[in-house]
Amino acid sequence: MITIQIKAGREKSALHRHPWLFSGSLAPYDKEPAAGETVRVLGQDGRFLGWAAWSGESQIRLRFWSFDERDTINAAFFKARLARAIAGRKSLAAAGNAARLVHGESDGLPGLVVDQYGDVLVVQLLSVGPEAWRDAIFDALQELTGAKAIFERSDADVRELEGLAARNGLVRGKLPAAVDIQECGLNYRVDVEAGQKTGFYLDQRANRRRIGELAKDAEVLNCFCYTGGFSLAALKGGAKSVESVDSSAEALEAARVNLSLNQLDGSRMEWVEADVFQYLRLLRDKGKSYDLIILDPPKFAPTAHHVERAARAYKDINLWALKLLRPGGLLATFTCSGGMSADLFQKIIAGSAWDAKAEAQVVERFTADSDHPISLNFPEGDYLKGLLVRKVA
Ligand code: SAH
């Protein structure tokens, strides 16, 4: 096994069990490990720091599997880690039959995401570490869950930074004709093969439920609706009308199917294929107004480098949404940008309110649901932030 030493003074993050080490923290080494190879990581003084996966292409050169010298990184290790992660989701059973079983770094499995949709698992291997253990991971998942099918969706952009090509396809079992899930009393069909990410945004589950509670008798505008998650929740919650906007025709088609899978009054629902940035202005020109507006855009700032441009985009949509909101109305506004802090996001929304000449208050805060935990050693895991804002006047 290859040993990698950390430069003097750079051990702190590993001692605090942060799962990443960047290239600049490593002392010179003799032999380059292979991609995904497990290495022994030592401090400058020779003390053991952990076992980590080597990633020669990425700035994040090491991702720790374990900080315990007694561990052996083998198939049994992954099975135990997966079992621990899955056990942590038991309390969610009441919410339906879909859950994130493994949430990467925060579950001690850097680069690995596993979503469960009924009998089907969808897996993302996002770095060379889990890629090197793919068969052990798939075998253990099959044994632990009894899944009828495991589908791989390793097509996220971050794989490029690891020197990995996209990889999609069935890896175990056979897919059913349709993957249908239940969430908080609603039915959704998940396109695991071609939907966005793994097919469904499970992280918003609790927030969709909350929107359902807030939607009674409201005229609702749901921007970036994808397959209609918030839209159906609002309709079921008794919304007077729900107008849903997305730029993806495929997403809207799936949303219509989702509506048909539920006993809801479709006449109160309208689907619009449009660019939200333009459509909000159009609604303003038409003199429209709403009681409840949801803004759940895609990641505008994947990393801290993109924050400035992203800030302008968030400011813009929130400004127009606040103009369209009736006095007393509610805006549920989200950012899923890892590079955007909660603090900065709130400042941006304050700027939007200022420019919209609206007096507004934060009345609730949103985060990802509990199957997307945030390890206290990995604050970067806190990617989804949301505010419920009330327009006072
Ligand atoms: N709220 C959804 C998830 C939203 S994902 C849920 O609960 O399931 C973000 C969505 O924004 C995607 O469906 C994507 O197609 C859409 N999108 C991205 N850019 C857009 C734009 N400029 N205008 C409209 N929709 C956009």
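Rules behind the numbers
- Residues numbered from 1 in each chain as written.
- Predicted model: local features only at pLDDT ≥ 70, side-chain atom pairs only at ≥ 80, totals over all residues.
- Heavy atoms only, no water.
- Helix = DSSP H or I, 4+ residues; strand = E, 2+ residues; numbered from the N terminus.
- Rg over C-alpha atoms; globule rule 2.2 N^0.38 Å.
- Buried < 20%, exposed > 50% of the residue type's maximum accessible area, 1.4 Å probe, protein only.
- Contact = heavy atoms within 4.5 Å.
- Areas by Shrake-Rupley, 256 points an atom, 1.4 Å probe, with all protein chains shown as cover.
- Lys, Arg positive; Asp, Glu negative; His and termini not counted.
- Charge placed at Lys NZ, Arg CZ, Asp CG, Glu CD.
- Core = buried A, V, L, I, M, F, W, Y, C linked by side-chain atoms within 4.5 Å.
- Domains from an automatic or database assignment.
- Buried area = accessible area lost by both parts, 1.4 Å probe.
- 1 Å grid on protein atoms, 1.4 Å probe; cavity = no way out; pocket = protein on both sides within 12 Å on 5 of 7 lines; lining within 4 Å.
- Points joined across faces, edges and corners; volume = space filled by probe spheres on them.
- Nonpolar A, V, L, I, M, F, W, Y, C, P; charged D, E, K, R; others polar.

**Some remarks on the overall build of the protein**
Here's step 1: Regarding its fold elements, the protein presents 11 helices and 19 strands.
Here's step 2: For 393 residues, the compact-globule estimate of 2.2 N^0.38 gives 21 Å, and the C-alpha radius of gyration of the protein, at 22 Å, lies within 12% of that figure.
Here's step 3: Based on the C-alpha atoms only, the size of the protein along its principal axes is roughly 70 × 45 × 35 Å.
Here's step 4: Every one of the 393 residues in the protein was classed for burial, and the buried ones make up 54%.
Here's step 5: Relative to all contacts within the protein whose residues are 6 or more apart in sequence, the contacts with residues 24 or more apart total 63%.
Here's step 6: Total accessible area computed for the protein in this model is approximately 17,400 Å², and 51% of it derives from carbon and sulfur atoms.
Here's step 7: When the 50 basic and 51 acidic side-chain charges of the protein are each reduced to a single mean position, those positions are 3 Å apart.

**Thoughts on the nonpolar core**
Here's step 1: Counting 43 residues, the largest nonpolar core has Y117, V192 and V220 as its most contacted members.
Here's step 2: Mapped onto this core, the elements with two or more residues apiece are β8 (120–125), β9 (149–154), β12 (186–189), α7 (229–236), α8 (249–260), β15 (269–273), β16 (290–295) and β17 (325–335).
Here's step 3: Leave out the neighbours within four places in its chain, and Y117 touches N97, A98, V122, V179, I181, V190, V192, T198, G199, F200 and L202.
Here's step 4: Within the second largest apolar cluster, 37 residues are counted, among which are Y290, A301, A310 and L331.

**A word on the domain arrangement of the protein**
Here's step 1: Segmenting the protein into domains produces domain 1 (3–66), domain 2 (75–180) and domain 3 (201–391).
Here's step 2: Each of domain 1 and domain 2 was reduced to a C-alpha centroid, and the two centroids are 25 Å apart.
Here's step 3: Between domain 1 and domain 2, the residue contacts involve 14 residues of the former and 16 residues of the latter.
Here's step 4: Between domain 1 and domain 2, a total of about 1,100 Å² is buried, with carbon and sulfur atoms accounting for 63% of that surface.

**Things to note about the layout of surface pockets**
Here's step 1: Taken as a whole, the second largest pocket holds about 370 Å³ of empty space.
Here's step 2: Surrounding the second largest pocket, 22 residues form its lining, V190, D191, V192, G195 and A254 being those nearest its centre.
Here's step 3: Residues that form the lining of the second largest pocket fall into these classes: 12 nonpolar, six polar and four charged.
Here's step 4: Mapping the lining of the second largest pocket onto the domain boundaries places at least three of its residues in each of domain 2 (75–180) and domain 3 (201–391).

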